[in-house]
Amino acid sequence: MTNDPDVIVVGASVAGCTAAALFARAGARVLLLEKHSNIETYKVLCTHTLQPCAVPVIDRLGLRPRLEAAGAVPHVSNYWTQWGWISPKAAPGGTLPHGFNLRRKILDPMLRELAAQTPGVELWLGQSVTGLISEDDRIVGVRTRTTGGQEASLRARLVVGADGRDSTVAQLSGVPVREAPNNRFAYFAYFQDLQPGDHPPTQIWFLNPDGAYCMPNDNGISVLIVAPEKTPKHLAAFREDVPGAFHQYVRELPDAPPIDDVPLVSKYIGMNDMPLRSRGAFAPGLALIGDAALSTDPMWGIGCAWGMQSAAWLVDALGPAVLGEGDLDGGLAAYAGRHQVEVGGYQRIFESFATARPLNALERLMFSASARDEATARHAYLFGSRLISVPEFIAPPAIARAVLAQDDLAVDTVLENLREVEFLNVDEISRLVHAGPSLVDVSEPAGHAADA
Ligand SMILES: Cc1cc2nc3c(=O)[nH]c(=O)nc-3n(C[C@H](O)[C@H](O)[C@H](O)COP(=O)(O)OP(=O)(O)OC[C@H]3O[C@@H](n4cnc5c(N)ncnc54)[C@H](O)[C@@H]3O)c2cc1C
């Protein structure tokens, strides 16, 4: 690049490649810096689900045909709960939105290639960002070091930190960070032909408080994850014998996948410490996207989708300001505001859930009702797919419908229990419930379309 680029994006993974491609399509000259020198590098600590909420960005990038050609499996989650399996189905005349499962080994190089092929993007591999350049309290560039030890200073109108959960850019910028502990640990491994048949669902076990997952991926490979609470018993079992503890844990799952009958095709990969981190998403001249802005509990399989979405929110919020035609910092503040609105509510819920506390009254209600009622199951699925927001999820008509659908407890007991949950409008829910089923006997709870 002969002149300074408009944008420097630090980190060529899910968020950074998306941002680079979309900024360039908007006319910007983009320098995409990646510390690894090999374009085939991929993130090992990931279980590969692209949630349905990522699909609009996938389509905007033109990525869908590449995903499908690479064997991505359509992703639809089924949830096991103590009330039974929740297997969401499309509304009559509608379709059930799905995401994609494709191993990062294939996805990451594909995204890097897509970004590098976009006119206006230059991808420089083997470039670690080691410092930020500030002038008059704004970020105006980065300092880099190559794998060979060569140092350089690069300047741009905008620096984007897309360098992951331990973001160097975020740390150097000094933006505020909030961290919440995670009281679960996780191990995962890959198995061949564990889930036969066309398009098997992703299975998620909500074991209250543990979790487990079985996710079909490309080439008949499934990834199996166990996420036990950090109890002394669980920690000791996995410390002593990872394969033994892993297999025993899986064998004891309800409707356990037959892991003893199929080949294991990987090592066991474990993580003991997975705190949730939320940062301010901008400073003058700087934006953070993806995990650099917010890294959540891996249990929810959402970080890649939010990486793509946050990149798109940033590009849309800045518009021509990234080309020097408008108020860049105003656009950055608008981006940070949208980021907070889109993901802040979920993150608060995830922080609470990561304590491994027992299910609260709302969770018990929605699981028990979803196991019995198709519309509530769909509502829960759209929430799990991050296609509806927290306020839409807890809209009184949807909760009232669930109260009437469950048959675990007396209606008034459920309503009374719901008062323990912050932000629920229990009086309105109660009014709807007592007004009679006809009021809430709608084909869909408020807040989502049949084929959203
Ligand atoms: C166990 C586990 C399972 C998960 N499963 C899922 C899942 O199923 N679905 C899902 O959506 N999410 C999942 N996640 C989360 C997901 O992996 C992350 O949210 C996602 O990778 C974030 O993308 P990103 O582009 O923001 O950052 P990353 O993918 O972490 O990429 C950061 C990039 O920046 C580069 N970089 C870092 N520092 C520098 C530097 N100083 N200079 C230059 N380059 C740098 C890195 O090399 C890397 O390429 C999981 C996470 C874990 C830990």
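Note that the structure is a prediction, hence the values are computed from the model and not measured. The numbers attached to residues start from 1 for each chain and follow its sequence in the written order. Note on the predicted model: pLDDT of at least 70 is required for a residue's local features to be given, and 80 or more for side-chain atom pairs to be given and counted; whole-chain, interface and lining totals, by contrast, use all residues.

Chemist: Hey, could you go over the overall build of the protein for me, with residue numbers and the actual values?
Modeler: Each helix corresponds to a stretch of at least 4 residues labelled H or I by DSSP, and each strand to a stretch of at least 2 residues labelled E; elements are numbered beginning at the N terminus. When you go through the protein residue by residue, the secondary structure sums to 16 helices and 22 strands. Counting only C-alpha atoms and orienting by the principal axes, one finds that the protein spans roughly 70 × 50 × 45 Å. Between the buried cut of 20 or more and the exposed cut of 12 or fewer other C-beta atoms within 10 Å of a residue's own C-beta lies the partly exposed class, and all C-beta atoms are placed from the backbone. Among the 452 residues that make up the protein, the fraction classed as buried is 50%. Intrachain contacts of the protein at a sequence separation of at least 6 include 74% that bridge at least 24 residues. We call two residues in contact whenever the C-beta atoms placed from their backbones are within 7 Å.

Chemist: So, the site of the ligand: which residues are in play, and what are the values?
Modeler: The rule is simple: place the C-beta atom from the backbone, and if it lies within 6 Å of a molecule or strand, the residue is near it. Neighbouring the ligand are 36 residues; Gly11, Ser13, Gly164, Gly290 and Gly303 lie closest to it. Among the secondary structure elements, those contributing two or more residues to the shell around the ligand are helix 1 (14-25), strand 2 (30-34), strand 9 (127-135) and helix 8 (303-318). Of the residues forming the shell around the ligand, the biggest block, four residues, is contributed by helix 8. Throughout, the ten residues Ala, Val, Leu, Ile, Met, Phe, Trp, Tyr, Cys and Pro are labelled nonpolar, Asp, Glu, Lys and Arg are labelled charged, and all others, Gly among them, are labelled polar. A breakdown of the residues in the shell around the ligand according to their chemical character gives 16 nonpolar, 15 polar and five charged.

Chemist: With reference to specific residues and values, describe the domain arrangement of the protein.
Modeler: Domain borders in the structure are assigned automatically or taken from a domain database. As far as domains go, the protein holds domain 1 (7-48 + 104-179 + 276-346), domain 2 (186-271) and domain 3 (361-440). Each of domain 1 and domain 3 has a C-alpha centre, and these two points are 38 Å apart.

Chemist: Describe unusual backbone geometry, naming the residues involved and giving the relevant values.
Modeler: Of note, the bond from asparagine 208 into proline 209 is cis; its omega dihedral lies within 30 degrees of zero at 20°. Residue placement: proline 209 occurs in the loop between strand 15 (202-206) and strand 16 (211-216). The backbone phi angle of histidine 199 is positive, close to 50°, even though this residue is not glycine. Along the chain, the position of histidine 199 falls in the loop between strand 14 (186-192) and strand 15.

Chemist: I'd like to hear about helix 14 (residues 411-418), residue by residue, with values.
Modeler: Listed as buried for helix 14 are Val414, Leu415 and Leu418. In an axial view of helix 14, the angular spread of the buried residues amounts to 100°, which keeps them on one side of the axis. In this structure, helix 14 carries Asp412 and Thr413 as exposed residues pointing more than 90 degrees from its buried face. Each C-beta atom gives one direction from the helix axis, and the arc is the one those directions make.

Chemist: I'd like to hear about the nonpolar core, residue by residue, with values.
Modeler: By convention in this section, buried Ala, Val, Leu, Ile, Met, Phe, Trp, Tyr and Cys residues joined through C-beta atoms within 7 Å make up a nonpolar core. Among the nonpolar cores identified, the biggest contains 142 residues, and Ile8, Val9, Ala19, Ala20, Val160, Ala287 and Ile289 are the most heavily contacted of them. Looking at this core element by element, the count peaks at ten residues for helix 8.

Chemist: Give a description of the sheet that holds strand 9 that names residues and reports values.
Modeler: Strand pairing is defined by DSSP finding a minimum of two bridges between the two strands. Read across the sheet, three strands follow the order 9-10-11 without closing on themselves; strand pairing throughout is antiparallel. The open sheet terminates on both sides in strands that have one partner only, identified here as strand 9 and strand 11 (151-155). Going across the sheet, the axis of each strand differs from the next one's by a mean of 30°, ignoring polarity. One ladder, built from five bridges, connects strand 10 (residues 138-146) with strand 11; its direction is antiparallel. Considered in strand 11, the bridge of threonine 144 is made with alanine 152. Interaxial angles span 0 to 180 degrees and are taken between N-to-C directions of axes, which are lines fitted to C-alpha atoms, for helices over the stretch in contact.

Chemist: Talk me through the pairing of strand 1 (residues 7-10); I want residue IDs and the actual numbers.
Modeler: Alternating residues of strand 1 divide into Val7 and Val9 and Ile8 and Val10, and every residue in both groups is buried. Of the strand pairs in this sheet, strand 1 and strand 12 (residues 158-161) are connected by four bridges, and their pairing is parallel. Of the residues in strand 12, the one forming a bridge with valine 10 is glycine 161. The crossover handedness rule: strands pointing away from the viewer, path from first strand over the helix to second strand clockwise, crossover right-handed. Viewed along the sheet, the connection from strand 1 through helix 1 into strand 2 turns out right-handed.

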